[in-house]
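Overview (structure and organization)
Letter by letter, the chains look like this.
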Amino acid sequence: MSTTITEIPAGTYGLDPVHSSIGFGVKYNGLATFRSSFEKYDAAYADGVLTGSADVASVTIDEPNFKGHLLAEDFFNAEVTPTVTFRSTDITVNEDGTGEVAGELTIRGVTKPVVAKGNIAAGPDPFGNDRIAFELSTTVDRREFGLTWQNALPNGNDSLAWEVTLTVDLQLVKQA
């Protein structure tokens, strides 16, 4: 059972990958949102700082040509910059369990400040482990990180939105 908190309990917490995910969504062809996630990632909370990283080569795309395009220089440039990283600079928890995590996001070697908003909770699991959970999202302009690929639709509009929504659902377990 989670508990509404106003501050995150002290300690060092490691990722529970079974109950966590990191993903993104972007409007494609002006019609609907394309969503994907990363299979290989890590996150931790220690000394008041939330950190995380994702292996861009682990992006979940079943179509090999499309995945290859995302990993190429047009997008993630995985050969040169194989990870996306985040490090918090401030975490605020409100009385209602909502919160904000401000920090520095690095994509393609470019670091920009971001603020993710959502829910932050803490509590024990059925096995006596203390957990903290972050359910957060933020929207970034991909151009700020050097992801400038674009293709025009027949009507002249952009085929891929510039704004990308990043989502993290993390459960972290207190380490002994």
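Above this text sits the structure in question.
Heads up: these notes are all about the structure in this document. Every value quoted in this text rests on a predicted model; they were computed, and no experiment measured them. (Residues numbered from 1 in each chain as written. Predicted model: local features only at pLDDT ≥ 70, side-chain atom pairs only at ≥ 80, totals over all residues. Heavy atoms only, no water.)

Concerning unusual backbone geometry
- With phi around 60°, Asn29 is a residue other than glycine that occupies positive phi space.
- When you line up the elements, Asn29 lands in the loop between strand S3 (21-28) and strand S4 (32-37).
- Here the phi dihedral of Asn77 falls at roughly 55°; this positive angle occurs in a residue that is not glycine.
- Following the sequence through the fold, Asn77 ends up in the loop between helix H1 (64-71) and strand S7 (83-93). (Helix = DSSP H or I, 4+ residues; strand = E, 2+ residues; numbered from the N terminus.)

Some remarks on the side chain of Arg142
- Within the secondary structure, Arg142 is located in the loop between strand S10 (130-141) and strand S11 (160-174).
- The buried charged residue Arg142 lacks any salt bridge partner; its closest oppositely charged side chain belongs to Asp141, at an N-O distance of 6.4 Å.
- Excluding residues within four positions of it along the chain, Arg142 makes contact with Phe75, Leu147, Thr148, Trp149, Gln150, Leu160, Ala161, Trp162 and Val164. (Buried < 20%, exposed > 50% of the residue type's maximum accessible area, 1.4 Å probe, protein only. Lys, Arg positive; Asp, Glu negative; His and termini not counted. Salt bridge = Lys/Arg side-chain N within 4 Å of Asp/Glu carboxyl O. Contact = heavy atoms within 4.5 Å.)

Things to note about the pattern of salt bridges
- Applying the stated criterion across every chain, the model contains 4 salt bridges.
- Here Arg131 makes a salt bridge to Asp16, at a shortest N to O gap of 2.7 Å. Remark: Asp16 occurs in the loop between strand S2 (13-15) and S3 and Arg131 occurs in strand S10; sequence separation between them is 115 residues. The same class applies to Arg131 and to Asp16, which are both buried.
- Here Glu100 ties to Lys117 by a salt bridge, and the two come within 3.7 Å at their closest N and O atoms.

Some points on the pairing of strand S5 (residues 41-46)
- Every second residue of S5 is oriented toward a common face, the buried set being Tyr41, Ala43 and Tyr45 and the non-buried set Asp42, Ala44 and Ala46.
- Bridging between S2 and S5 involves 2 bridges; their strand directions are antiparallel. Residue pairing in the sheet places Gly14 in a bridge with Ala44 of S5.
- Here S5 folds back onto strand S6 (residues 49-55) in antiparallel fashion, the turn holding 2 residues, of which Asp47 has a positive phi close to 50°. (Pairing = 2+ DSSP bridges.)

Structural notes on the environment of Leu15
- On the secondary structure map, Leu15 appears in strand S2.
- Leu15 sits in the buried class, given a relative accessible area of 18%.
- In this structure, the C-alpha to C-alpha distance between Leu15 and Gly68, residues 53 residues apart in sequence, is 28 Å.
- In contact with Leu15, not counting residues within four places along its chain, are Ser20, Tyr41, Asp42, Ala43, Leu170, Gln171 and Leu172.

Re the side chain of Ser159
- Looking at where Ser159 falls in the secondary structure, it is placed in the loop between S10 and S11.
- Excluding residues within four positions of it along the chain, Ser159 makes contact with Lys27, Tyr28, Asn29, Gly30, Trp149, Gln150, Asn151 and Leu153.

Here we look at the packing of aromatic side chains
- Scanning all chains against the criterion turns up 8 aromatic pairs.
- With a centroid separation of 5.8 Å and an interplanar angle of 45°, the aromatic rings of Phe24 and Phe38 are classed as tilted. Taken together, the residues Phe24 in strand S3 and Phe38 in the loop between S4 and S5 connect sequence positions 14 residues apart. An identical accessibility class is assigned to Phe24 and Phe38; each is buried.
- Note on Phe38 and Phe76: the rings are 6.1 Å apart at their centroids and 70° apart in plane angle, and the pair reads as edge-to-face. Of the two residues, Phe38 sits in the loop between S4 and S5 while Phe76 sits in the loop between H1 and S7, which places them 38 residues apart along the sequence. Residue Phe38 shares its accessibility class with Phe76, and that shared class is buried.
- A network of ring pairs unites the aromatic residues Phe24, Phe34, Phe38, Phe66 and Phe76 as a single cluster. (Phe/Tyr/Trp six-rings, centres within 6.5 Å; stacked < 30°, edge-to-face > 60°.)

Looking at the pairing of strand S9 (residues 110-124)
- Of the pairings in the sheet, the one linking strand S8 (residues 98-107) to S9 comprises 10 bridges and is antiparallel in character. By the bridge assignment for S9, Thr98 is matched with Asn119.
- Counting the residues between successive antiparallel strands, the hairpin from S8 to S9 contains 2 residues, one of them, Arg108, with a positive phi of roughly 60°.
- Alignment of S9 against S10, held across 8 bridges, turns out to be antiparallel. Within S10, the residue paired with Gly123 across the bridge is Arg131.
- Between S9 and S10, which pair antiparallel one after the other, the connecting turn spans 5 residues, and Gly128 there sits at a positive phi close to 85°.

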